[in-house]
Amino acid sequence: MSLLTNVMDHSLDEGYAEAAARKKAAGASGLPKTLRAKLGLAAGLVLAALVVTVGAAQARVAAPVVAKERQELIDRIDKETSSADKLEGTVDKLRDDVSARQRAALRTSGGSGQADLVSMLSGATAVHGPGVKLIVNDAKEASTGGGDNPRETADFSDTGRVRDRDMQRVVNGLWAAGAEAVSVNGQRLTALSAIRAAGDAILVDNRPLVPPYTVLAVGDGQRLSTRFQNGADGLYLHALEDNYGIRATIAVESDLRLAAAPSVIVRTAQPRTEKGTS
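What you are looking at is a predicted structure, and each value in this text was computed from that prediction instead of being measured. (Residues numbered from 1 in each chain as written. Predicted model: local features only at pLDDT ≥ 70, side-chain atom pairs only at ≥ 80, totals over all residues. Heavy atoms only, no water.)

**Q** Describe the overall build of the protein chain, with residues and values.
**A** Counting secondary structure elements, the protein chain contains seven helices and eight strands. Every one of the 278 residues in the protein chain was classed for burial, and the buried ones make up 24%. Here the protein chain has roughly 19400 Å² of accessible surface; of this, 57% comes from carbon and sulfur atoms. (Helix = DSSP H or I, 4+ residues; strand = E, 2+ residues; numbered from the N terminus. Buried < 20%, exposed > 50% of the residue type's maximum accessible area, 1.4 Å probe, protein only. Areas by Shrake-Rupley, 256 points an atom, 1.4 Å probe, with all protein chains shown as cover.)

Written out as structure tokens, the structure is:
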């Protein structure tokens, strides 16, 4: 107890106390005493002030240049953005013009009825009618996983995310079940459409889609639904639901409306003309 009391009463070591007392008695201070030391201190202070002053002056001179360069960059971005918007509008107008010319050419070559049928089947014309609405979504706790490779045995993804190969099988299954027109998230599919992947995103005709994926298929609704669900691709989708938590719902609809494809451009195929017989 006496040791604790001593520590409390004498918190400062006696040696430190004696040194402080001697320093105070001698009138010592932190300032230099010799002329040379005082001149060195003054020179250091002047140099420090000079450095600060020069730095401030340089910053003041460079500020307008930096501001001007920043404004020029902003103006350039705004100009290029406006140019891109104009080009996008031009592309949309050209697509509409191409579609109109294609429809006119079909009517000229094959008659109005045949032209309308070909336009609907090719995706060049908006359609409506009965069919099925299939919604496919990622699992509730989907993750990106450690890689994008499917399982070797079942060709399934173990991340709970819908992949491009899954959508390919779904769409092909609907075509095989009797669908006459199909769209995915509003993107009308044609004979030239492609479903691909870029990272974790699914692309339809190079346009990225986000889940949930709404697939509309025009056809004989009840028959289309039954044939798809009982087919190999429908069973594949059910397996994804059971094993990996993929969510899917299908419903028969009385009237679905599918927009036309943005553009249907034929680059290689040529119409076949039948020679008359005498």
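**Q** Give a description of the packing of aromatic side chains that names residues and reports values.
**A** As enumerated under the stated definition, the model contains zero aromatic pairs in all. Positioned above the aromatic ring of Tyr236 is the side chain of Arg169, whose terminal nitrogen or guanidinium carbon lies 4.2 Å from the ring centre. (Phe/Tyr/Trp six-rings, centres within 6.5 Å; stacked < 30°, edge-to-face > 60°. Lys NZ or Arg CZ within 6 Å of the ring centre and 35° of its normal.)

**Q** Outline the environment of Asp255, listing residues and values.
**A** Looking at the element boundaries, Asp255 is found in strand β8 (residues 247-258). Assessed through its relative accessible area of 37%, Asp255 is described here as partly exposed. Considered as a pair, Asp255 and Val218 are 37 residues apart in the sequence and their alpha carbons are 8.4 Å apart. Of note is the side chain of Asp255, whose polar atom sits 3.1 Å from the side chain of His128. A distance of 3.3 Å separates the side chain of Asp255 from the backbone nitrogen of Gly129, its partner in a polar contact. (Polar contact = N/O pair within 3.5 Å; in protein donor to acceptor, adjacent residues only side chain to side chain.)

**Q** Would you mind going over the sheet that holds strand β4 (residues 195-198) in detail, with residue names and values included?
**A** The three strands are arranged β4-β5-β6 in an open sheet whose pairing can be described as antiparallel. Taken across any chain shown, the strands that pair with only one partner, and hence form the sheet edges, are β4 and β6 (207-209). When the angles between neighbouring strand axes are averaged without regard to direction, this sheet yields 40°. Direction of pairing for β4 relative to strand β5 (residues 201-204): antiparallel, over a ladder of four bridges. Along β5, the bridge assignment pairs Ala197 with Ile202. Packing against the sheet, helix α5 (residues 164-177) makes contact with β4 and β5, and its axis sits at approximately 170° to β4. (Pairing = 2+ DSSP bridges. Axes fitted to C-alpha atoms, helices over the stretch in contact; angles between N-to-C directions. Contact = heavy atoms within 4.5 Å.)

**Q** Provide a residue-level description of the confidence of the model for the protein chain, including the pertinent values.
**A** Mean pLDDT over the protein chain: 78, with 70% of residues reaching 70 or higher. Confidence drops under a pLDDT of 50 for residues 145-156, and excluding neighbours within four residues, the segment shows 22 contacts in the predicted structure. (pLDDT = per-residue confidence, 0-100.)

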